[in-house]
Amino acid sequence: MTDAPTAARSDTDVEPAAPPVTMFGPDFPFAYDEWLVHPDGIGSIPPERHGEAVAVIGGGIAGLVAAYELMRLGLRPVVYEGSRLGGRLRSVRFSGRDADEHDVVAELGGMRFPVSSTTLFHYVDLLSLESAPFPNPLTPASGSTVVDLEGETYYAKSLDDLPPLFREVAEAWDSALDRILHLGGLQDAIRARDAHRLKAIWDVLVEAWDDRSFYEFVASSDEFSSLSFRHREVFGQVGFGTGGWDSDFANSMLEILRVVVTNCDTDQRLIVGGAEQVPRGLWGRRIQGAVHWPDGTSVASLNDGEPHPSVTRLSRSASGDLAITDESGETRRFGAVLATCQSWLLTTQIQCDESLFSQKMWMALDRTRYMQSSKTFVMVDRPFWKDVDPATGRDVMSMTLTDRLTRGTYLFDNGPDRPGVICLTYSWMSDALKMLPHPVERRVDLALDALAHIYPGLDIRSHIVGDPITVSWEDDPHFLGAFKGALPGHYRYNRRMYAHFVQDDLPEPQKGLFIAGDDVSFTPAWAEGAVQTSLNSVWGIMRHFGGTSAPTNPGPGDVFDELGPVRLPD
């Protein structure tokens, strides 16, 4: 060291901010966001194949990202959708008394999107959509949070306002993640986009943790085992970041680690006006300067403004093409098909030739496990929860986490001159199943009864306008669940599904049929995973039609042998 004085730092001496954590891997660390914006493009197909039709089954975010990019490559995407465009990005407008004049929505599916979802936000920005901070617990966007457990209610603006037990839980979780699962090292590699360093850490963890559950990790860690059962119980009921974790306790620890290491549970945003604008925007967006198609062409115009109806049969024709029959009875043949529907639909809704997949792939598709989810929303006359109780000086209502029937209650302020929205209850698994038999009116009553114990004297019902909206994703025949929740031992199944877009070594009868969606990804429930697997399939279809990536911009399949997910022995 030296005693010499140091010069004052100028503005030019300020160290740049550390690169952000993004959803770069960890299983397949490929920079999709960089691939999309490279000046040489993502690739090309031979001119003689331009205009050929590709079937896209499913009009959600995966299907419409693929349709948009295939159109830009000069192919004709033919979209089939049995329900409504948007998939599980479903934004539903309120209706009924005092509601029709307001463009206010309930987000029945995906509603909070981490900023680490850089590939998804490529399309959000492309469509010039606005986003805003999501009102998660203990964040400035929520204003205040109430935690209600075992009849005790705690009011907080930040974690420091809660009793020491909650901080002890948070510290135990952070410490266990870093000590046992090398969270810091993984995130450093992601920030640096050092794919090989990331895989050196991650691939070892895959082998060690594939067979172990989330709950096993928590209960067996020194950090939690030295604490009381009550600490684990609070962690399950309340969690940190987005809410309670107990609905995921049975899941593979790898699945939870992916969420944490890629910052999916922090710094989340909502899409102003509704997340459904993203897939619908891609459906209607008119291209300029693209290959083959004239300026102004859109996926919508190539489909005469409407998607084709639900697919009922998928088979291999005598000529070798893939044949699709829809519910109207029309059969069309395609050189390639992309199925973005949830995998169970390939055995329950669509009569699918068994020879199109290997038996090992069928095992993977059928073993996919979907999680139940229920939400119930009401529109209210104004964001009354911002009123201050003169007796306590606190907000009269807050974002609420509880062990009661509602579990999570979220408050959405649409502005001072517009109605607010309350997600009365957002629940998972067994808590969602408790709602399944009940009509929407009963669900509202159950939620309001539960909240009355937390906010006695507050008449929430008097503020409700319009008709309530609810969803149980497991009751929807087009979805059969909210999203995949991988169990211990499911890594091999996930890898088979994820790697299927690289088809050079497949038998000829299995080529040309591709799969994508968040249940194909390693990060289920996140739109980023759906987008990334969609782009994998775009690369696969491009190659299937004889196309190649730009030499200066290799695509996901070009580097898959080097960076692909580790293969565990069968």
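This structure is a prediction, so every number in the text was calculated from the model and none was measured.

What follows is about the pattern of salt bridges. This model, assessed by the stated rule, comprises 32 salt bridges. Among the salt bridges present, the one from Arg 179 reaches Glu 223, with a minimum N-O distance of 2.8 Å. Of this pair, Arg 179 sits in helix 4 (residues 164-181) while Glu 223 is found in helix 8 (residues 222-225), placing the two residues 44 residues apart along the sequence. Among the salt bridges present, the one from Glu 233 reaches Arg 230, with a minimum N-O distance of 3.1 Å.

This part is about the sheet that holds strand 5 (residues 113-114). Taken in spatial order, the 3 strands line up as 5-9-6 in an open sheet, and their pairing is antiparallel. Each having just a single partner strand, strand 5 and strand 6 (131-133) make up the two edges of the open sheet. Pairing of strand 6 with strand 9 (residues 268-271), which is carried by 3 bridges, proceeds in the antiparallel orientation. For Ala 132, the partnering residue across the bridge sits in strand 9 and is Leu 270.

Moving on: the sheet that holds strand 8 (residues 152-156). Strand order in the open sheet made by the 7 strands is 8-7-17-18-19-16-20, with mixed pairing throughout. Both outer strands of the open sheet, strand 8 and strand 20 (464-472), are each paired with one neighbouring strand and no more. Adjacent strand axes in the sheet meet at a mean angle of 15 degrees, parallel and antiparallel pairs treated alike. Of the strand pairs in this sheet, strand 7 (residues 145-149) and strand 8 are connected by 5 bridges, and their pairing is antiparallel. Across the sheet, the residue bridging to Val 146 is Tyr 155, located in strand 8.

Rules behind the numbers
- Residues numbered from 1 in each chain as written.
- Predicted model: local features only at pLDDT ≥ 70, side-chain atom pairs only at ≥ 80, totals over all residues.
- Heavy atoms only, no water.
- Salt bridge = Lys/Arg side-chain N within 4 Å of Asp/Glu carboxyl O.
- Helix = DSSP H or I, 4+ residues; strand = E, 2+ residues; numbered from the N terminus.
- Pairing = 2+ DSSP bridges.
- Axes fitted to C-alpha atoms, helices over the stretch in contact; angles between N-to-C directions.

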